[in-house]
Amino acid sequence: EAMRRRCGLGATQPIPASLRAAALLSFEGEKVSFEEFLLWSQSTTFVEETLVRPKERHLRQLARDHRCDFVQVEVLLKFFRACDTDGSGYIEWDEFRQVVCRMLKVKESTDISEARLQRYWKEADQLKTGRLDFEQFLVWYASNGTK
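Parameters at a glance
- Residues numbered from 1 in each chain as written.
- Predicted model: local features only at pLDDT ≥ 70, side-chain atom pairs only at ≥ 80, totals over all residues.
- Heavy atoms only, no water.
- Salt bridge = Lys/Arg side-chain N within 4 Å of Asp/Glu carboxyl O.
- Helix = DSSP H or I, 4+ residues; strand = E, 2+ residues; numbered from the N terminus.
- Buried < 20%, exposed > 50% of the residue type's maximum accessible area, 1.4 Å probe, protein only.
- pLDDT = per-residue confidence, 0-100.
- Axes fitted to C-alpha atoms, helices over the stretch in contact; angles between N-to-C directions.
- Parallel < 35°, antiparallel > 145°, perpendicular 65-115°, else oblique.
- Contact = heavy atoms within 4.5 Å.
- Nonpolar A, V, L, I, M, F, W, Y, C, P; charged D, E, K, R; others polar.
- Lys, Arg positive; Asp, Glu negative; His and termini not counted.
- Polar contact = N/O pair within 3.5 Å; in protein donor to acceptor, adjacent residues only side chain to side chain.

Student: Can you lay out the pattern of salt bridges for me, pointing to particular residues and giving the numbers?
Tutor: Within this structure, the stated rule accounts for three salt bridges. For the salt bridge of Glu-114 with Arg-97, the shortest nitrogen-to-oxygen distance reads 3.0 Å. Within this pair, whereas Glu-114 is found in helix H8 (residues 114–124), its partner Arg-97 is found in helix H7 (residues 93–104), the two being separated by 17 residues in sequence. The buried category is assigned to Arg-97, whose relative accessible area is 17%. Residue Glu-123 pairs with Arg-119 through a salt bridge whose shortest N-O separation is 3.4 Å. Residue Glu-123 and its partner Arg-119 are both found in helix H8; the two are separated by four residues, about one turn of the helix.

As structure tokens, this is what we get:
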């Protein structure tokens, strides 16, 4: 439990293998002595799981998974949140129109053809849910953006 608290992991989240290996733990439920915990603590002082908050770790993982620069992902998340005008955590069609306009730096949405907007939307909303979460938006932006 102390390891979970130190790494900001919930009770149901598994302890990463790298952290278990650092403590020479072979399975999840094993109890450790104070000395073992201290050794583990020292050996994992500067690893991402102990230094970085879970939300930022998630963003870092997204950046790695999609081969993006982490700073670019942070900037894109701020942009995504600013464009999510209803605060739902998703970009819907009307918000997406504004996203594309801002990305292309056009003043009016009528300056972009409806066909082009629809093409971008189809590329982005591959699950056909009518909305994009941040990861879907990141995938679209990283793979096509507004080419």
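On we go.
Student: Help me get a handle on the confidence of the model for the chain, residues and values and all.
Tutor: Any region with low pLDDT has predicted coordinates that should not be read closely. In this model, the chain carries an average pLDDT of 81, and 83% of its residues clear a pLDDT of 70 or more. Confidence, expressed as mean pLDDT per element, reaches its minimum in the chain at helix H2 (residues 17–22) with 66 and its maximum at strand E2 (residues 131–132) with 96.

Student: I'd love a proper account of the packing of H7 against H8, names of residues and values included.
Tutor: Look at H7 against H8: their axes get within 11 Å of each other, and the N-to-C directions meet at 110 degrees. As judged from the angle between their axes, H7 and H8 are roughly perpendicular. Contacts between H7 and H8 pair Trp-93, Phe-96, Arg-97, Val-100 and Leu-104 from the former with Glu-114, Arg-116, Leu-117, Gln-118, Tyr-120, Trp-121 and Ala-124 from the latter. Among the residues forming the contact of H7 with H8, the class breakdown is eight nonpolar, one polar and three charged.

Student: Which residues make up the side chain of Asp-125, and what are the values?
Tutor: Along the chain, Asp-125 falls in the loop between H8 and E2. Despite being buried, Asp-125 has no salt bridge partner; Lys-128 is the closest side chain of opposite charge, sitting 7.1 Å away. Reaching out from Asp-125, the side chain makes a polar contact with the backbone nitrogen of Thr-129 at a distance of 3.1 Å. The residues touching Asp-125, leaving out its near neighbours within four places in the chain, are Gly-130, Arg-131 and Leu-132.

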